[in-house]
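# Reading the structure
Each chain is listed here by its residues.
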Amino acid sequence: MFQLEELVRPNILTLVPYSSARDEFKGEADIFLDANENSLGSPLTKWYNRYPDPLQWKVKEKLSAIKGIASRHIFLGNGSDECIDVLLRVFCEPAIDNIVIVPPTYGMYEVSAAINNVKVRKVPLTPDFQLDLAGLEKAIDGHTKMIFLCSPNNPTGNSLDRKDVEVLLNNYFGIVVMDEAYINFSRQRSFVPDLPDYPNLVVMQTLSKAWGLAALRLGMAFASQEIISLMNKVKPPYNINQATQDLVLKALDEVGQVNDMIRVLVDERGRLEQELKRLSIVREVYPSDANFLLVKVDNATGTYRKLLDNGIVVRDRSNVILCEGCLRITVGTETENDALLKALIH
Ligand SMILES: *Cc1c(COP(=O)(O)O)cnc(C)c1O
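These numbers were taken from a predicted model, which means no experiment stands behind them. (Residues numbered from 1 in each chain as written. Predicted model: local features only at pLDDT ≥ 70, side-chain atom pairs only at ≥ 80, totals over all residues. Heavy atoms only, no water.)

## Re the environment of alanine 251
Relative to the elements of secondary structure, alanine 251 occurs in helix 10 (residues 242-251). Exposure remark for alanine 251: the relative accessible area of 18% places this residue in the buried category. Each C-alpha atom, one on alanine 251 and one on leucine 213, is 8.8 Å from the other, the two residues being 38 residues apart in sequence. Once residues within four sequence positions are removed from consideration, alanine 251 is found in contact with Trp211 and Leu213. (Helix = DSSP H or I, 4+ residues; strand = E, 2+ residues; numbered from the N terminus. Buried < 20%, exposed > 50% of the residue type's maximum accessible area, 1.4 Å probe, protein only. Contact = heavy atoms within 4.5 Å.)

Next comes the structure, spelled out in structure tokens:
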């Protein structure tokens, strides 16, 4: 049985969160003398002298319409990385609890756990980059608070088999975090609409990839209202700054433009895959549901250096488990992809 109160750290369950000036007074007023802001203004034109909305309701309202989920089910973090850190601090007692990750996968789960002194158990994916359900069953114990999954997965690019994820969600009663940073490029559908069925599911997305807003730092977590409330208790009060909230509100009106970019990148992904497969140094191009390709080449490190000599940086993943001999290559513009292919041929 899933019992949220038993998973949460006791100190977080009883925590009285910081109450800011913006929390304590929410009404309309003419004169704000409650937050020790600079009443004269700022060197900038906007209202940057005022603290931002701690719970970012305007941004959430727009996201709610786009994602088809109510605002109370949305948490916003200073990048997904903050969502990961906050989840660890809500659920994992340092030095006692553990999390499970499924390498090769995104590096921040392990680093963030290490920072929080939370042990990490690793259950590698199968050779076709899918979940090892038997291995997971063996690795999980009474102190396993969370399993981090990533689909489409970084750095392999594939989506996890939906059936496997459902088996896990139905049989493991800790928190399953599904990182969907690359979902907009995927042929598979998001787990967001499935949230009502799974009280132990947290879905993460970000504006850093398909939305092209990596510099603004906006990560999203979608979950039950109870989990979102716990995350809000733990986060820094003003974690999303006003400039980010302003710019994101503007960007969220441009869904059409973002969808056009996604189409271009998915087309280029297909073209790059085909062209790469023709090259003699390329042994394998793995199928991708993301905006990058994992490519097995002869002499990965040598190829990496050769590309650098041509002014092209890719990610050398050849030392990563199951990715031996592989480079991870982000899909660029048509011109950039042509330059990459040309550098690989010569
Ligand atoms: C890029 C990426 C993110 C995004 O992190 P942000 O902090 O939101 O920029 C999250 N998860 C994975 C797997 C990624 O590859």
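## Structural notes on the UniProt feature "domain: Aminotransferase class I/classII large" (unreviewed entry) in the chain
With numbering aligned to this structure, UniProt lists the feature "domain: Aminotransferase class I/classII large" (unreviewed entry) at residues 49-344. With 38% helix and 17% strand, the stretch residues 49-344 has end C-alpha atoms that lie 51 Å from each other. (UniProt positions renumbered as here; feature names shortened; annotations may be inferred.)

## Brief notes about the side chain of threonine 244
Tracing the sequence through the fold places threonine 244 in helix 10. Within polar-contact distance, the side chain of threonine 244 engages the backbone oxygen of leucine 216 at 3.1 Å. Dropping the residues within four chain positions of it, threonine 244 is found in contact with Leu216, Arg217 and Leu218. (Polar contact = N/O pair within 3.5 Å; in protein donor to acceptor, adjacent residues only side chain to side chain.)

## Details of helix 9 (residues 225-234)
Here helix 9 has its buried residues at Ile227, Ile228, Leu230, Met231 and Val234. Taken end-on, helix 9 shows its buried residues confined to a sector of 160°, consistent with a single buried face. (Arc of directions from axis to C-beta.)

## Let's talk about the pattern of salt bridges
Scanning the entire structure with this criterion turns up 19 salt bridges. Residues glutamate 37 and arginine 50 are paired through a salt bridge, measuring 2.6 Å at the closest nitrogen-oxygen approach. Of this pair, glutamate 37 sits in the loop between helix 3 (21-24) and helix 4 (57-67) while arginine 50 sits in the loop between helix 3 and helix 4, and the two are 13 residues apart along the sequence. The exposure class of glutamate 37 is buried, given its relative accessible area of 14%. Measuring nitrogen to oxygen at the nearest pair gives 2.9 Å for the salt bridge that ties arginine 89 to aspartate 85. Here arginine 89 and its partner aspartate 85 are both found in helix 5 (residues 80-91), four residues apart, which amounts to about one turn of the helix. Residue classification places aspartate 85 among the buried residues on the basis of a relative accessible area of 19%. One connected set of salt bridges, linked through shared partners, spans Arg22, Asp34, Glu37 and Arg50. (Salt bridge = Lys/Arg side-chain N within 4 Å of Asp/Glu carboxyl O.)

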